[in-house]
Amino acid sequence: MRQVLLNRAVRAGRRARRAAAGVRRRIERVDTVPVLAARPRPRPLLRPVHLSVLGGRTLNVAVRYPRRAHGIESALLHLDHRGDRRSAPLTPEPQPDGTLLLTATAPLRFAPHGEPPEPGTLALGPGVWRLSLAVTDTAGVETLAGLRAAPHRTPAGPTLPYSPEPGSGALFRPVRSADGHALLKVTAPAPQAELVALGLRWDRVTVQVRLVGPVARHAAWTAEAVRQGPGSTVLPMPLEQGAGHLTADLPLAAMAADGHVQHTWEVRLRSGRTRLKVGRRLTDVRHPKRVFRTPYRSIALPDGRLLRVHAQFSAAGTLTVSCAAYATPAPAHEPSEDRP
């Protein structure tokens, strides 16, 4: 019996290792872009200790350099894309083992039309940017070195390794080239309606939305609630436009017109042929439906009906609202006066 259990455990371990290896290979394919390093002369490659984009807008780099601090005059981190270059200063930090750690923390900003960079920020347009280092010693000799891609890490936990920039919606993601160089891939934001606030009151549900990406801010926008399922019903919603936000109250009375039958609705914005689903997508949360949990609410309508409403997020981050009227309790039977 022990041998049978041992064999089963060994086979299960092998299957787990094969599955983990498959996941790592898929991640490597996703994070690898078909770009080769075309250089007139070979350059030394340095492997970063740390390379990440935190909060969707801050580039963090740490690289070990085999020189001592007193021999370094200046160091720069270069990001190159089709003849365009952005640079950030590297700070030398001596280590106890005698090596030198070059670190940089630079705010990122999406600049699609070659806008002038702000002081202290890296304004990057869409595309793939190659990372490299330029170190100048005290004698004035400049050493150029490439940056090797950081080792892959199997994603785990409730958050993603990268997230969109909260302001513009652009995505800054460290990737690798086919020959193992470190790259920063900048993806332009897509038009979307980002939920700013969800107001659950005793008599209404209010959504506050802001427009993200290349959308016309001054266009005439309308809001609507769309019922999921066959024979979709579209209900218009009154929309108020404020300072950078759009606010609307859900038409709960019309959404619960079927009485005790519960339906699920999506909230959308429309301008001409553009339709945007309202949701929360500018986040690093891996499972929005599990994390952004909201309670069921009982809401009283002006006509006296009492509704059971649940506003929640789908697995893709889309806002959905389920509602139905409570069943009217049956009247209690009073005892008959003729009964002894």
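Residues numbered from 1 in each chain as written. Predicted model: local features only at pLDDT ≥ 70, side-chain atom pairs only at ≥ 80, totals over all residues. Heavy atoms only, no water.

The next thing to look at is the overall build of the protein. Along the protein, the regular secondary structure elements total 3 helices and 24 strands. Expressed as a percentage of the 340 residues in the protein, the buried residues total 38%. Within the protein, residue pairs in contact and separated by at least 24 positions form 62% of the contacts whose partners lie at least 6 positions apart. Of the roughly 19,800 Å² of accessible surface on the protein, 54% is carried by carbon and sulfur atoms. (Helix = DSSP H or I, 4+ residues; strand = E, 2+ residues; numbered from the N terminus. Buried < 20%, exposed > 50% of the residue type's maximum accessible area, 1.4 Å probe, protein only. Contact = heavy atoms within 4.5 Å. Areas by Shrake-Rupley, 256 points an atom, 1.4 Å probe, with all protein chains shown as cover.)

This next bit is on the packing of aromatic side chains. Both the distance between ring centres and the angle between the ring planes are used here to describe each pair of aromatic rings. Throughout the structure, instances matching the rule amount to 1 aromatic pair. With 5.8 Å between their ring centres and 65° between their planes, F292 and F313 make a pair best called edge-to-face. Taken together, the positions of F292 in the loop between α3 (288-291) and β22 (297-300) and F313 in strand β23 (residues 306-313) put the pair 21 residues apart, joining distant regions of the chain. Judged by its relative accessible area of 16%, F292 falls in the buried class. (Phe/Tyr/Trp six-rings, centres within 6.5 Å; stacked < 30°, edge-to-face > 60°.)

A complete count under the given rule lists 9 salt bridges for this structure. Linking R204 and D203 is a salt bridge whose minimum nitrogen-to-oxygen distance equals 3.5 Å. Taking the relative accessible area as the measure of exposure, R204 reaches 36% and is therefore partly exposed. Across the pair R268 and E266 runs a salt bridge whose closest N-O atoms are separated by 3.1 Å. Accessibility assignment for this pair places R268 and E266 in one class, buried. (Salt bridge = Lys/Arg side-chain N within 4 Å of Asp/Glu carboxyl O.)

The topology assignment puts Q312 in strand β23. Taking relative accessible area as the criterion, Q312 reaches 23% and is therefore assigned partly exposed. Note: C-alpha distance between Q312 and P288 (24 residues apart in sequence) is 9.3 Å. Excluding residues that lie within four positions of it along the chain, Q312 makes contacts with K289, T294, T318, L319 and T320.

For the rest of this paragraph, the subject is the pairing of strand β8 (residues 100-110). Burial within β8 is extensive, with 8 of its 11 residues counted as buried. With 8 bridges joining them, strand β4 (residues 58-65) and β8 adopt antiparallel strand pairing. Within the sheet, the bridge partner assigned to R64 lies in β8 and is L101. The pairing of strand β7 (residues 91-94) with β8 spans 4 bridges and is antiparallel. Counted as the bridge partner of T91 is T103 from β8. Where β7 folds back onto β8 in an antiparallel hairpin, the turn is made up of 5 residues, including G98, whose phi is positive at roughly 95°. Sheet topology places β8 next to strand β9 (residues 122-124); 3 bridges connect them, and they run parallel. (Pairing = 2+ DSSP bridges.)

Burial of the side chains of strand β19 (residues 246-249) is restricted to one face: L246 and A248 are buried, whereas none of T247 and D249 on the reverse face is. Sheet analysis places strand β15 (residues 205-212) next to β19, joined by 4 bridges and oriented antiparallel. Bridge pairing in β19 links V209 to L246. Relative to β19, strand β18 (residues 239-241) is paired through 3 bridges, and the arrangement is antiparallel. When the bridges of β19 are listed, L239 appears paired with A248. Hairpin connection, β18 to β19: the antiparallel pair is bridged by 4 residues, and G244 has positive phi, about 80°.

Function-wise, these values are silent; they only describe arrangement.
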